[in-house]
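Single-letter residue listing:
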Amino acid sequence: MGSFSFWHWLIVLLVILIIFGAGKLPKVAGDLASGIKNFRKGMSEEDKDKDKSAEPPPVINQQSQPTGGAATGAPADKTAQH
């Protein structure tokens, strides 16, 4: 059951020619090549998206609002009352 000989590959090629015909083989090969090209393009775009998501999001400058203690005179943290 080792490797295929020359005659095995010749029979396989002959069967493929019978099934698809000589005129359709270039179209099938072209479709296969474009499928591989689209797959590679999609994989490279996915890698670029991963690189962009690894960057930290931009910081938006916001002024903080006092919560609790400063306006009322009471401490904002309950543990600071001691």
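About the cut-offs
- Residues numbered from 1 in each chain as written.
- Predicted model: local features only at pLDDT ≥ 70, side-chain atom pairs only at ≥ 80, totals over all residues.
- Heavy atoms only, no water.
- Helix = DSSP H or I, 4+ residues; strand = E, 2+ residues; numbered from the N terminus.
- Buried < 20%, exposed > 50% of the residue type's maximum accessible area, 1.4 Å probe, protein only.
- Areas by Shrake-Rupley, 256 points an atom, 1.4 Å probe, with all protein chains shown as cover.
- pLDDT = per-residue confidence, 0-100.
- Patch = residues over 30% accessible without salt bridge, like charges linked within 9 Å, V, L, I, M, F, W, Y side chains within 5 Å.
- Salt bridge = Lys/Arg side-chain N within 4 Å of Asp/Glu carboxyl O.

1. Describing the overall build of the protein chain
When helices and strands are counted, the protein chain shows 3 helices and 0 strands. Counting helices and strands in the order they occur from the N terminus, the protein chain gives α-α-α. Burial status across the protein chain gives 1% buried among its 82 residues. About 8,100 Å² of surface is accessible on the protein chain, with carbon and sulfur atoms providing 63% of the total.

2. Regarding the confidence of the model for the protein chain
When pLDDT is averaged along the protein chain, the result is 76, and 62% of the positions lie at 70 or above. Per-element averaging of pLDDT across the protein chain places helix α3 (residues 69-72) at the bottom with 54 and helix α1 (residues 6-20) at the top with 88.

3. Structural notes on a nonpolar patch on the surface
On the surface, Phe4, Trp9, Ile11, Val12, Val15, Ile16, Ile19, Phe20 and Val28 cluster together into a nonpolar patch covering about 860 Å² of accessible area. For the nonpolar patch, the leading source of residues is α1, giving 7 residues. Residue placement: Phe20 occurs in helix α1.

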